[in-house]
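The chain contents come next:
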Amino acid sequence: MSPNPSSPSEGAAAEPNISLATTLSDSKQSFTAKYEAARLYIDSLAKPVGSLGTLEDWGARIAALQQTTTPKADSAACLIFAADHGVAKDTSEGGRNCSAYPQIVSRKVLEALDHGIAGASVLSKCNNVELRVIDVGIADGPVSYEWSGNTVRLATRRIHDGTKNFCTGNALTEEQVKMCIDVGREETTKLMDEMGGANVIMFGEVGIGNTTTAAALIAALTGVDVATVCGSGASVTRDGINEEIVARKIDIVKEALDFHSNASSLNGNPMQALGAVGGAEICSMVGGMLEASKHDVAILVDGFIVTTAAMIACMIDPMVSRLLLFSTKSTEKGQVIAITTITEIATANSIPVHTKPALDMGLRMGEASGCITSVPLLRSACATISSLATLND
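Looking now at the pattern of salt bridges. Here the structure, examined in full by the defined rule, presents 16 salt bridges. Linking Glu 56 and Lys 47 is a salt bridge whose minimum nitrogen-to-oxygen distance equals 2.8 Å. Lys 47 carries the same exposure label as Glu 56, and that label is buried. Across the pair Arg 132 and Glu 130 runs a salt bridge, and its minimum N-O distance is 2.8 Å.

To continue, consider the side chain of Asn 199. Looking at where Asn 199 falls in the secondary structure, it is placed in the loop between α6 (174–195) and β4 (200–206). In terms of polar contacts, Asn 199 uses its side chain to reach the backbone carbonyl oxygen of Lys 72, at 3.5 Å. The residues touching Asn 199, leaving out its near neighbours within four places in the chain, are Ile 62, Gln 66, Lys 72, Ala 73, Asp 74, Ser 75, Ala 76, Val 297 and Ala 298.

Okay, the environment of Gly 366 next. One can find Gly 366 in the loop between α13 (334–348) and α14 (369–373). Separated by 112 residues in the primary sequence, Gly 366 and Lys 254 place their C-alpha atoms 24 Å from one another.

Our focus in this paragraph is helix α10 (residues 270–277). Within an α-helix, residues lying three or four positions from one another point in the same direction, as the helix has 3.6 residues per turn. Counting buried positions along α10 gives six out of eight residues, so the element sits mostly inside the fold. Every buried residue belonging to α10 is among Pro 270, Ala 273, Leu 274, Gly 275, Ala 276 and Val 277, and all of these are buried.

The interhelical angle for the contact between helix α2 (residues 31–43) and helix α3 (residues 54–66), taken along N-to-C directions, is 135°, at an axis separation of 8 Å. Overall, the two elements α2 and α3 adopt an arrangement that is oblique. The element α2 and its partner α3 pack so that their crossing is right-handed. Together, Phe 31, Lys 34, Tyr 35, Ala 38, Arg 39, Ile 42 and Asp 43 of α2 and Glu 56, Asp 57, Gly 59, Ala 60, Arg 61, Ala 63, Ala 64 and Leu 65 of α3 make up the contact between the two elements.

Each value, and the rule that gives it
Residues numbered from 1 in each chain as written. Predicted model: local features only at pLDDT ≥ 70, side-chain atom pairs only at ≥ 80, totals over all residues. Heavy atoms only, no water. Salt bridge = Lys/Arg side-chain N within 4 Å of Asp/Glu carboxyl O. Buried < 20%, exposed > 50% of the residue type's maximum accessible area, 1.4 Å probe, protein only. Helix = DSSP H or I, 4+ residues; strand = E, 2+ residues; numbered from the N terminus. Polar contact = N/O pair within 3.5 Å; in protein donor to acceptor, adjacent residues only side chain to side chain. Contact = heavy atoms within 4.5 Å. Axes fitted to C-alpha atoms, helices over the stretch in contact; angles between N-to-C directions. Parallel < 35°, antiparallel > 145°, perpendicular 65-115°, else oblique. Left-handed = near helix turned anticlockwise from the far one by under 90°.

These values are about where atoms sit, not about what they do.
This is the structure in structure tokens:
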């Protein structure tokens with residue numbers, strides 16, 4: 001969509017800030033018109049056109065969302081949802097051993113988060129990000145452990161002992177899917193309220209086996225070949241490559257889709273797919289993104305699993321796509337398919353197409369690590385549109 005005639009144009013850059021401010025504050029203008037006006041203004045800044053790459057897209061996108069020429073990312077929130085997956089249980093417990101790590105690791109990661117010593121804890125502190133972790137379905141451990149309620153909290157409604165093995169039944173009931181989405185919405189609102197407002201939010205996940213779940217969701221929802229979405233997930237090798245695990249995942253996802261003999265009906269049907277092969281934490285992230293859209297809050301998107309949740313949120317409400325800032329390229333090849341699907345949804349709804357993920361650092365830890373690490377980049381994007389001189393200046 002072209003900018004409104006009142007938007008800045010290349011031939012009228014004498015007072016671009018005033019012209020841009022008028023467009024951004026005009027409630028009659030669409031998000032796309034505001035975004036395009038911001039991009040034209042950024043083109044007028046004292047630099048070669050397009051030379052700041054992804055920072056220019058991010059700056060225009062957050063300016064359009066915040067409806068101001070001086071957008072900010074100083075109040076950054078990170079909400080991690082944690083849950084276990086029946087398919088990751090040991091075969092002796094009715095699972096499929098889909099991961100290189102045992103399921104108990106999910107609980108251990110949450111214990112570290114509760115003590116402030118996990119990866120997301122360290123990264124959020126050094127990047128001034130407010131962190132909350134919500135247990136929506138971690139399996140019971142051998143020893144009882146109560147979360148502190150400070151960083152890690154128990155959801156008011158949760159899936160006891162995680163999801164079911166989706167190779168032998170539905171992972172979640174219809175009611176559980178809706179409940180987890182509602183929990184995601186509620187926790188997002190609660191965190192933003194506790195902070196007195198957030199101008200950017202990140203979502204993360206903890207849950208052994210959730211790369212298998214994400215792969216199953218993408219395959220079910222898009223109809224792509226299973227082999228194109230399955231990767232190593234949490235690996236025990238430095239290079240992150242484990243062909244044995246990949247082969248096992250492909251077999252597991254194929255088995256799941258074969259079991260759900262109506263798998264073709266899951267294509268493009270996000271609520272049904274979440275019930276058949278989804279995860280509680282993925283449902284909650286979807287809910288959180290839908291709630292962020294209601295408040296026009298930008299979302300820094302993490303890796304494979306969070307991108308899968310973003311894809312599903314966009315299938316439910318295409319307007320979510322306007323919020324998304326892809327922070328990190330995943331080592332999981334299925335992320336490309338999810339981003340492609342999001343791009344198709346955005347294009348079909350006249351929403352600006354997204355740039356590729358900002359970071360390509362081989363990040364694969366989860367816990368929102370990629371998006372937390374990208375917060376300084378978003379703050380740089382805000383500073384660029386807010387303070388960089390124009391060529392006329």
